[in-house]
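Structural characterization, general
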Amino acid sequence: MLQPQFPIPDAEPIVIRGVVFDMDGVLTDTLEFHYQTWQRLADEENIPFDRKANEALRGLSRRDSLMAILGDRMLGEAIVEEMLDRKNRYFLEFIQTMTQDHLLPGVLDLLQELRSDGIRIAIASASQNVDLVTRQLGLTDWVDAITNVYNVPHPKPAPDVFLYAAEQIGLPPHQCIAIEDAESGVKAALDARMWVVGLGPQERVGAAHVILSNLNSVRWKDLLDKIQCCR
Ligand code: BG6
Ligand code: MG
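An unreviewed UniProt entry lists the chain under the name Beta-phosphoglucomutase, with Zarconia navalis LEGE 11467 given as the organism. Under the UniProt heading Sequence similarities (unreviewed entry), the note attached to the chain is "Belongs to the HAD-like hydrolase superfamily. CbbY/CbbZ/Gph/YieH family."

On to the site of ligand 1. Among the 14 residues in the neighbourhood of ligand 1, the closest are listed as Asp 24, Arg 62, Ser 127, Gln 128 and Asn 129. Contact distances for ligand 1 include 2.6 Å between an oxygen atom and a side-chain N or O atom of Asp 24. Arg 62 is positioned such that a nitrogen or oxygen atom in its side chain is 2.8 Å from an oxygen atom of ligand 1. Relative to its unbound accessible area of 400 Å², ligand 1 is 97% covered by the protein chains. Placement of ligand 1 is best described as lying within the largest cavity. Taken together, the residues of the shell around ligand 1 sort by class into four nonpolar, seven polar and three charged. Each of domain 1 (18–28 + 99–229) and domain 2 (31–95) accounts for three or more of the residues forming the shell around ligand 1.

Now for the nonpolar core. In this structure, Phe 21, Leu 114, Ile 177, Ile 179, Val 197, Leu 215 and Trp 220 are the most contacted members of the largest nonpolar core, which totals 38 residues. Broken down by element, this core gets its largest block of residues, four residues, from helix H5 (residues 107–116). When residues of this core are sorted by domain, at least three fall in each of domain 1 (18–28 + 99–229) and domain 2 (31–95). If we ignore the near neighbours within four places in the chain, the residues touching Val 197 are Ile 177, Ala 178, Ile 179, Glu 180, Ala 208, Val 210, Leu 212, Leu 223 and Ile 227. In terms of nonpolar packing, the next biggest core, distinct from the first, is built from 25 residues, Val 20, Leu 190, Ala 192 and Ala 207 among them.

A word on the sheet that holds strand E3 (residues 145–148). Pairing in this open sheet of six strands is parallel, and the strands run E3-E2-E1-E4-E5-E6 from one edge to the other. Looking at which strands have only one partner, the edges of the open sheet turn out to be E3 and strand E6 (210–212). The sheet shows a mean angle of 20 degrees between the axes of neighbouring strands, direction not considered. Here strand E5 (residues 195–199) pairs with E6 via three bridges, running parallel. Residue pairing in the sheet places Leu 199 in a bridge with Leu 212 of E6.

What follows concerns the UniProt feature "active site" (unreviewed entry) in the chain. On the UniProt side, "active site" (unreviewed entry) is annotated at positions that read Asp 22 and Asp 24 here. Lining the largest cavity, out of the annotated residues just given, are Asp 22 and Asp 24. Residue placement: Asp 22 occurs in the loop between strand E1 (18–21) and helix H1 (31–44). A residue is classified by how much of its surface remains accessible, and Asp 22, at 5% relative accessible area, is buried. A distance of 2.9 Å separates the side chain of Asp 22 from the side chain of Lys 156, its partner in a polar contact. Leaving out residues up to four positions away in the same chain, Asp 24 has contacts with Thr 30, His 34, Ser 125, Ser 127 and Asp 181.

Before going further, it helps to examine the domain arrangement of the chain. How large an interface is tends to be reported as the accessible area lost when its parts come together. When its domains are assigned, the chain resolves into domain 1 (18–28 + 99–229) and domain 2 (31–95). The C-alpha-based centres of domain 1 and domain 2 are spaced at 24 Å. With 16 residues of domain 1 in contact, the opposing surface of domain 2 contributes 13 residues. Between domain 1 and domain 2 the total buried area reaches about 1100 Å² when both faces are included, carbon and sulfur atoms providing 51% of it. On the domain 1 side of the interface with domain 2, the three residues burying the most area are Ala 126, Asn 129 and Arg 204, jointly 30% of the side's total. Our count for the domain 1 to domain 2 interface comes out at four residue pairs in polar contact (both at pLDDT 80 or more). The leading source of residues in the side of domain 1 that touches domain 2 is helix H6 (residues 130–136), at three residues. Classifying every residue of the side of domain 1 that touches domain 2 gives seven nonpolar, five polar and four charged.

Reading the values: the criteria
Residues numbered from 1 in each chain as written. Chains lettered and ligands numbered in written order. Predicted model: local features only at pLDDT ≥ 70, side-chain atom pairs only at ≥ 80, totals over all residues. Heavy atoms only, no water. UniProt positions renumbered as here; feature names shortened; annotations may be inferred. Near = heavy atom within 4 Å. Polar contact = N/O pair within 3.5 Å; in protein donor to acceptor, adjacent residues only side chain to side chain. Areas by Shrake-Rupley, 256 points an atom, 1.4 Å probe, with all protein chains shown as cover. 1 Å grid on protein atoms, 1.4 Å probe; cavity = no way out; pocket = protein on both sides within 12 Å on 5 of 7 lines; lining within 4 Å. Sits in = over half its atoms within 2 Å of the grid points. Nonpolar A, V, L, I, M, F, W, Y, C, P; charged D, E, K, R; others polar. Domains from an automatic or database assignment. Core = buried A, V, L, I, M, F, W, Y, C linked by side-chain atoms within 4.5 Å. Buried < 20%, exposed > 50% of the residue type's maximum accessible area, 1.4 Å probe, protein only. Helix = DSSP H or I, 4+ residues; strand = E, 2+ residues; numbered from the N terminus. Contact = heavy atoms within 4.5 Å. Pairing = 2+ DSSP bridges. Axes fitted to C-alpha atoms, helices over the stretch in contact; angles between N-to-C directions. Buried area = accessible area lost by both parts, 1.4 Å probe.

What follows is the structure, encoded as structure tokens:
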């Protein structure tokens, strides 16, 4: 398994000035919405799909997800594009129903603490819908930058989107904590040389510096202490 890296040498104090959140699975739980919409598409195309297969798509871009679902089925680009559009149309129906009630427990409290501590806040997502979902969740005014994998050359697990987010909030990556729920996202943030908090089971986010089950009741000061202790 991927080992955590330590972004700065032992002797230097760790200074954190920014937090970069993944969106899906960290700020809100859209996994079920993605499942329902991929399942609808797969059923229409007679392609086998289930919840287990959906879990493996966590953190992957829409196109990479479709490629995983198609497996060795070779389809022309026009057909692939049509499927990606159709899947997103179904997904948008769910997104319209989202409100601040869809924020995961603990998120608003943590954002409030970050704000009062002067910490810069970014979202770095694999979702092309990140602006819309952020708006539906009422978070637009809480964040200093919103980036997604379509702003950069390579999607997660490449580090590009985290590096870009750090640039957008004007900080070096080693002064940022990334919070991620996907294996691909943890790898991306580690390779960006950020401090990484993984949300979820060891087998999924075990490479992160700090592992938590979720953000419920997580205090900013405790998170900083955990980061200081992890190297
Ligand atoms: C990621 C999700 O954040 O965004 C994936 O974890 C999803 O499941 C991906 O496929 C792309 O989302 P969208 O909104 O661009 O289809
Ligand atoms: Mg995620």
